[in-house]
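Geometric and topological summary
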Amino acid sequence: MNDAPLLPDGYEFSADTDRVDVDRVHRWLSTDAYWAIDRPREKHERAMASSVNFGVYATASGEQVAYARVVTDRALFAWLADVYVDPSVRGKGVGTAFVGCIRDHLRPYGLRRFLLATEDAHGVYEKLGFRPLEQPDQWMVHRYEQAADPSTA
């Protein structure tokens, strides 16, 4: 598997959920991420609580500059979700290195599959060993209609 590029100088990776700036991450996702526009704060917090959360932080200020979460059973399967890099640090290699750090963090679990979905970042993920599904005809999805009660959405 490809080695993860190192984070640029001045940035650090963390898997400590307590470091995540929940306000910042919710704002990023609910206002600027095509897959999460208008996501309610409560729903975001539930998703975080059921996931392994990761961040990249500026070492000088401690400010969070990237976020992602992984839904996993820590044995066989993982799903990478909500990968977001602040626009101020895009193009510096932070995103590719970040996903590589996450991949390497999960490696000791011995997972069989590590999946993700993306509309526009295939090239970033391919650098790290992600490939299109070999047999997409074996995969299925069920999509629920939006719940009528916003508290359950």
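Figured I'd write up the structure that's included with this text. (Residues numbered from 1 in each chain as written. Predicted model: local features only at pLDDT ≥ 70, side-chain atom pairs only at ≥ 80, totals over all residues. Heavy atoms only, no water.)

To continue, consider the nonpolar core. Residues Tyr11, Val56, Val70, Leu80, Val94, Ile102 and Phe114 are the most contacted members of the largest nonpolar core, which totals 26 residues. Residue contacts for Ile102: discarding those within four places in its chain leaves Phe13, Phe54, Ala68, Val70, Leu80 and Phe114. (Core = buried A, V, L, I, M, F, W, Y, C linked by side-chain atoms within 4.5 Å. Buried < 20%, exposed > 50% of the residue type's maximum accessible area, 1.4 Å probe, protein only. Contact = heavy atoms within 4.5 Å.)

This part is about the sheet that holds strand β5 (residues 113–116). The mixed open sheet is built from 5 strands, whose spatial order is β1-β2-β3-β4-β5. Since the sheet does not close on itself, it has two edges, and those belong to β1 (11–14) and β5, each with one partner. Direction aside, neighbouring strands of the sheet carry axes that sit 20° apart on average. Here β1 pairs with strand β2 (residues 52–58) via 4 bridges, running antiparallel. From the neighbouring strand, Ser14 faces β2, where its bridge partner is Gly55. The sheet contacts of helix α1 (residues 22–32) involve β3 (64–72) and β4 (77–85), and relative to β3 the element is tilted by about 80°. (Pairing = 2+ DSSP bridges. Helix = DSSP H or I, 4+ residues; strand = E, 2+ residues; numbered from the N terminus. Axes fitted to C-alpha atoms, helices over the stretch in contact; angles between N-to-C directions.)

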